[in-house]
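Spelled out, the chains give:
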Amino acid sequence: MSGVTLDRVVKEYGNLQVVHGVDLHVAPQEFVVLVGPSGCGKSTTLRMIAGLEEISGGTVTIDGRVVNRVAPKDRDVAMVFQNYALYPHLNVADNIAFGLRIRRTPKAQIASTVEEVAGILGLTDYLERRPADLSGGQRQRVAMGRAIVRNPKVFLFDEPLSNLDAKLRTQMRAEIKRLHKRLGATSIYVTHDQVEAMTLADRIVVMSDGRIEQVGTPMDLFLNPANTFVAAFLGSPPMNMIDATVRGGDAGPVAEFHGQSIRLGNIPELAQADGRKITIGIRPEYVTLSEAEAQNPVDISLDLIETLGSEALLHATLGDKPFVMRAPTEGDIDRLNGVSKFHIDPSLVHVFDGETGRAMPAAQDAAA
Ligand SMILES: Nc1ncnc2c1ncn2[C@@H]1O[C@H](COP(=O)(O)OP(=O)(O)OP(=O)(O)O)[C@@H](O)[C@H]1O
Ligand SMILES: [Mg+2]
């Protein structure tokens, strides 16, 4: 099984550098998701691995071999795109078999491989159909079938589900995950959908502006984002960010903002940091809606409640900024109408440097 290593990989278009020296190691059989906003360099990075874009600097290594100068067809990778790029005049079986035909694979072997892969992908009943007579999800499965039959060292996916409707996306997402469990092929998957990233990835690579912001398991990035960018990118609705100033207190440091305050956890960097500018991050699901008498509550002004069934999103204002909270409805929305305060466990408040956005980690639990 084959790993992929990027070592200071750079992409330039003329004088414009769009990928600025990316380092990444994808282990054999690992499923790594590249995620980030539009234009951050995800596709460019993937296409350099595939050999569809020239590498301007650094090296790409696949299965121990530097492939910078190796043609795409000789890299032993298979790529699945957003627009399935099927041959319209060929039926499903021939679309899946296409790559094998060019390699002059024996007919009997092609037939058995196509049958097996069609079985895996639930396409057995559609082998005679043309792409035009398939649904979007079925077409995407054919595109995946075409990649699978080649038995590549590495699968590369560039937003393969983004043309599908929400329900089909969720379904295909689960199918891709199952397929990976079954085939165990090294996979690099590009998306700007953070739910896809969270659910599919062994590790997520968060990119912004041609650079890697952080690499880690989904829970790692969710619980310990390295900076405000990652913190705000993962999680839905996103983490609330509040600009604040640190004050010392008898019970430890406190973040002050708009005449209010929130206690912070045990953050070594803030021990002597009176007056320092910070940004605090509060996840919508980590607040507790307060009864009037709760200790040390934060006042908010509720604008709107969105009911999702078992849960509701409470859109409020804190100071002059929007602040979103997520709460269980417990079958009674009226109860939520009167909400005007919340409190939060200090250990659940994320703290970032107010200038750089870098996370200031809490001290490790002594007991841990
Ligand atoms: N041929 C090109 N010439 C010049 N700039 C390019 C070219 N192709 C891409 N770029 C630029 O490179 C940057 C990265 O593009 P890329 O397609 O990798 O982004 P992406 O992260 O895949 O975005 P999206 O989520 O929108 O697909 C963008 O700023 C883009 O405008
Ligand atoms: Mg792209």
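None of the values given here were measured: they were computed from a predicted structure.

(A) The arrangement of the overall build of the chain in detail. Helix and strand counts for the chain stand at nine helices and 21 strands. The principal-axis extents of the C-alpha atoms in the chain amount to approximately 80 × 50 × 45 Å. Scored against the burial criterion, the 368 residues of the chain give a buried share of 48%. Sequence-distant contacts, at least 24 apart, represent 66% of the contacts inside the chain between residues at least 6 apart. Summed over all atoms, the accessible surface of the chain reaches about 18000 Å², with 48% contributed by carbon and sulfur. Within the chain, the 45 negative side-chain charges are centred at a point lying 11 Å from the centre of the 38 positive side-chain charges.

(B) Fine view of the sheet that holds strand S5 (residues 65-66). Reading across the sheet, the four strands line up as S2-S1-S4-S5 and stay open at both edges, with antiparallel pairing between neighbours. Strand pairing shows two members of the sheet lacking a second neighbour, strand S2 (16-26) and S5, which therefore form its edges. As defined by bridge partners, strand S4 (residues 57-62) adjoins S5 across two bridges and the pair is classed as antiparallel. For Ile62, the partnering residue across the bridge sits in S5 and is Arg65.

(C) Looking closely at the site of ligand 1. Taken together, Tyr13, Val18, Pro37, Ser38, Gly39, Cys40, Gly41, Lys42, Ser43, Thr44, Glu159 and His192 form the complete shell of residues around ligand 1. Note that an oxygen atom of ligand 1 is positioned 3.0 Å from one of the backbone N or O atoms of Gly41. Here an oxygen atom of ligand 1 and a side-chain polar atom of Ser43 are 2.8 Å apart. Burial of ligand 1 by the surrounding chains reaches 59%, relative to a free accessible area of 640 Å². Sort the elements by how many residues they give to the shell around ligand 1 and helix H1 (residues 42-50) lands first, with three residues. Taken together, the residues of the shell around ligand 1 sort by class into four nonpolar, six polar and two charged.

(D) Quick look at the side chain of Arg326. With respect to the secondary-structure elements, Arg326 resides in strand S19 (residues 321-328). At 2.7 Å, the side chain of Arg326 and the backbone oxygen of Ser236 are in polar contact. A polar side-chain atom of Arg326 sits 2.5 Å from a polar atom in the side chain of Glu311.

(E) View of the UniProt feature "domain: ABC transporter" (unreviewed entry) in the chain. Under the present numbering, the feature "domain: ABC transporter" (unreviewed entry) in UniProt falls on residues 4-234. Taken end to end, residues 4-234 is 37% helix and 26% strand, and its first and last C-alpha atoms sit 25 Å apart.

(F) Main features of the environment of Pro218. Within the fold, Pro218 resides in helix H7 (residues 218-223). Judged by relative accessible area, which is 12%, Pro218 ranks as buried. For Pro218 and Ala201, which are 17 residues apart along the polypeptide, the C-alpha to C-alpha distance reads 6.9 Å. Here Pro218 is in contact with Ala197, Met198, Ala201, Asp202 and Ile204, once residues within four sequence places are set aside.

(G) View of the pattern of salt bridges. As enumerated under the stated definition, the model contains 19 salt bridges in all. Taking the shortest distance from any N to any O, the salt bridge between Lys153 and Asp63 comes out at 3.5 Å. With Lys153 in the loop between helix H4 (136-148) and strand S7 (154-158) and Asp63 in the loop between S4 and S5, the pair connects residues that are 90 residues apart, well separated along the chain. For Asp63, a relative accessible area of 37% gives the class partly exposed. Here Asp353 and Arg276 are joined by a salt bridge, their closest N and O atoms 3.0 Å apart. Placement of Asp353 in strand S21 (residues 350-353) and of Arg276 in the loop between strand S13 (260-263) and strand S14 (277-282) is noted, with a sequence separation of 77 residues between them.

(H) Just empty space enclosed by the protein, in detail. In total, this model carries one cavity of 30 Å³ or more according to the counting rule given. In this model, the largest cavity occupies a volume close to 80 Å³. Among the elements that make up the lining of the largest cavity, the one with the highest residue count is helix H5 (residues 166-183) (four residues). Split into classes, the residues belonging to the lining of the largest cavity amount to eight nonpolar, two polar and no charged.

(I) Spatial organisation of the side chain of Arg173. Mapping Arg173 onto the fold places it in helix H5. As a buried residue without a salt bridge, Arg173 has its nearest oppositely charged side chain in Asp193, at a separation of 5.6 Å. The contact partners of Arg173, leaving out residues within four places of it in the chain, are Leu161, Val195, Glu196, Thr199 and Leu200.

Rules behind the numbers
In this numbering scheme, every chain counts its residues from 1 along its sequence in written order. Whichever chain is written first is A, and whichever ligand is written first is 1; the rest continue in order. In keeping with the predicted nature of the model, local features appear solely for residues at pLDDT of at least 70, side-chain atom pairs appear and are counted solely at 80 or more, and the whole-chain, interface and lining totals rest on all residues. The side-chain figures draw on all heavy atoms in the structure; neither hydrogens nor water molecules are used. Numbering goes from the N terminus for both helices and strands, where a helix is a DSSP run of H or I of at least four residues and a strand is a run of E of at least two. Only protein chains enter the accessibility calculation, which uses a 1.4 Å probe; a residue is then buried when its area is under 20% of its type maximum, exposed when over 50%, and partly exposed in between. Only heavy atoms matter for contacts: two residues are in contact if any of them lie within 4.5 Å across the pair. Here, Shrake-Rupley sampling with a 1.4 Å probe gives the accessible areas, and only protein chains in the shown set may cover a residue. Charge counting follows a simple rule: Lys and Arg are positive, Asp and Glu are negative, and His as well as the terminal groups are ignored. Note that the charge is assigned to NZ on lysines, CZ on arginines, CG on aspartates and CD on glutamates. Whether two strands pair comes down to DSSP finding at least two bridges between them. We call a residue near a molecule or strand when any one of its heavy atoms sits within 4 Å of it. In protein, a polar contact means a hydrogen-donor-capable atom and an acceptor-capable atom, both N or O and within 3.5 Å, with residues adjacent in sequence counting only if both atoms are side-chain atoms; elsewhere, any N or O pair within 3.5 Å suffices. Three residue categories are used. Nonpolar comprises Ala, Val, Leu, Ile, Met, Phe, Trp, Tyr, Cys and Pro, charged comprises Asp, Glu, Lys and Arg, and polar comprises the others, including Gly. UniProt positions are given in the numbering used here, feature names are shortened, and annotations may be inferred rather than shown by experiment. Just to be clear on terms, a salt bridge is a Lys or Arg side-chain nitrogen sitting within 4 Å of an Asp or Glu carboxyl oxygen. Here the term cavity refers to a set of points on a 1 Å grid, laid over the protein atoms alone, in which a 1.4 Å probe fits but cannot get out; the term pocket refers to an open set having protein on both sides within 12 Å along at least five of seven lines, with lining residues being those that place an atom within 4 Å of a point. Grid points are joined across faces, edges and corners, and a volume is the space filled by probe spheres set on the points.

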